[in-house]
Amino acid sequence: MNLKSPEHKSGHLVLPGERLGVIEEFIPDSGTYVKDGVIYSKLVGRALMDLLSKRVSVYPLISGATVPKVTSTVVGQVGNAQSDNVLVRIFKIDSKRLSGVFTGILHISDVQERYVKSMNDVCKPGDIIRTKVISDKNQIYHLSTKDKSLGVVYAFCSRCSNLLEPKRNEMLCPKCGNVERRKIALDYGKVDV
Ligand SMILES: [Zn+2]
């Protein structure tokens, strides 16, 4: 039995005319049409609901659209940050750059094996971060950075926006001298994004 709400089909295969949601909830984007306030798919493809932008779109299957899957390594920009989680706007899956944007969530318990006190010591809005998709439960991409290869790849000074440089266990701003903390990937600063 499928207990999932028909309103939340992100990543799912949808057919033309299939109901995706209502305009009170989502902004209709490419591959969709609206009739009487209801958003439908225009084509056969994968439905994408972006939690951050509240947009719903359908990517045609024939274009070989790439969507995040469990175990995918994804790269994105840190958006909204809370003390125990951050939203990540994913723009790259494995090595493929996406035409759309997906949102994932990184919870503090999935940052590393060791205890983390605050997400403030992990990443900050604007940073570029590499994570792994560990679950897509309820159509939400849950991310993890529990590996040396995962974590922030570019971090910016929260005082002056300059690129931070790793120094011992901290991050130093060469411009203003500000010191911050991050959970960085092994190849920090050397990644082509
Ligand atoms: Zn600075």
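Structure first, text after, so check above.
For clarity, every value in this text was computed on a predicted model and none was experimentally measured.

### Things to note about the coordination of the zinc ion
Next, step 1: Coordination of the zinc ion by the protein involves Cys157 (SG), Cys160 (SG), Cys173 (SG) and Cys176 (SG), with metal-donor separations of 2.3 Å.
Next, step 2: If you look at the zinc ion, its four donor atoms make angles of 99 to 119 degrees with each other, and the shape they trace is tetrahedral.
Next, step 3: Between consecutive donors of the zinc ion, the numbers of intervening residues give the motif C-x2-C-x12-C-x2-C.

### Digging into the nonpolar core
Next, step 1: Counting residues in hydrophobic clusters, the biggest one holds 29 residues, and the most contacted among them are Ile90, Phe102, Met119 and Cys123.
Next, step 2: The set of elements that each furnish at least two residues to this core consists of strand S8 (73-81), strand S9 (85-93), strand S10 (96-107), strand S11 (128-135) and strand S12 (141-144).
Next, step 3: Judged by nonpolar contacts, the second largest core, of eight residues, contains Val14, Phe26, Val56 and Val58.

### Notes on the sheet that holds strand S4 (residues 32-35)
Next, step 1: In space, the three strands of this open sheet follow the order S2-S5-S4, with antiparallel pairing throughout. The sheet is open, and its two borders are formed by strand S2 (19-22) and S4, each paired with just one other strand. Averaged over all pairs of adjacent strands, the angle between strand axes in this sheet comes to 30 degrees, irrespective of strand direction.
Next, step 2: In this sheet, strand S5 (residues 38-41) lies alongside S2 in antiparallel orientation, the contact comprising three bridges. Residue pairing in the sheet places Arg19 in a bridge with Tyr40 of S5.

### Thoughts on a nonpolar patch on the surface
Next, step 1: A cluster of nonpolar side chains, Leu13, Leu15, Val44 and Leu61, forms an exposed patch at the surface whose accessible area comes to about 340 Å².
Next, step 2: Here Leu13 is to be found in strand S1 (residues 13-14).
Next, step 3: When its relative accessible area of 48% is taken as the criterion, Leu13 is described as partly exposed.

### Thoughts on the environment of Leu51
Next, step 1: Tracing the chain through its elements places Leu51 in the loop between strand S6 (45-50) and strand S7 (55-60).
Next, step 2: Exposure remark for Leu51: the relative accessible area of 35% places this residue in the partly exposed category.
Next, step 3: On a C-alpha basis, the gap between Leu51 and Leu87 in space is 9.3 Å, while along the polypeptide they are 36 residues apart.
Next, step 4: Discounting chain neighbours no more than four positions away, the residues touching Leu51 are Thr103 and Ile140.

Analysis parameters
- Residues numbered from 1 in each chain as written.
- Predicted model: local features only at pLDDT ≥ 70, side-chain atom pairs only at ≥ 80, totals over all residues.
- Heavy atoms only, no water.
- Donors = N, O, S within 2.8 Å, 3.2 Å for Na, K, Ca; no water.
- Tetrahedral: all angles 85-135°; square planar, octahedral: opposite > 155°, others 65-115°.
- Core = buried A, V, L, I, M, F, W, Y, C linked by side-chain atoms within 4.5 Å.
- Buried < 20%, exposed > 50% of the residue type's maximum accessible area, 1.4 Å probe, protein only.
- Helix = DSSP H or I, 4+ residues; strand = E, 2+ residues; numbered from the N terminus.
- Pairing = 2+ DSSP bridges.
- Axes fitted to C-alpha atoms, helices over the stretch in contact; angles between N-to-C directions.
- Patch = residues over 30% accessible without salt bridge, like charges linked within 9 Å, V, L, I, M, F, W, Y side chains within 5 Å.
- Areas by Shrake-Rupley, 256 points an atom, 1.4 Å probe, with all protein chains shown as cover.
- Salt bridge = Lys/Arg side-chain N within 4 Å of Asp/Glu carboxyl O.
- Contact = heavy atoms within 4.5 Å.

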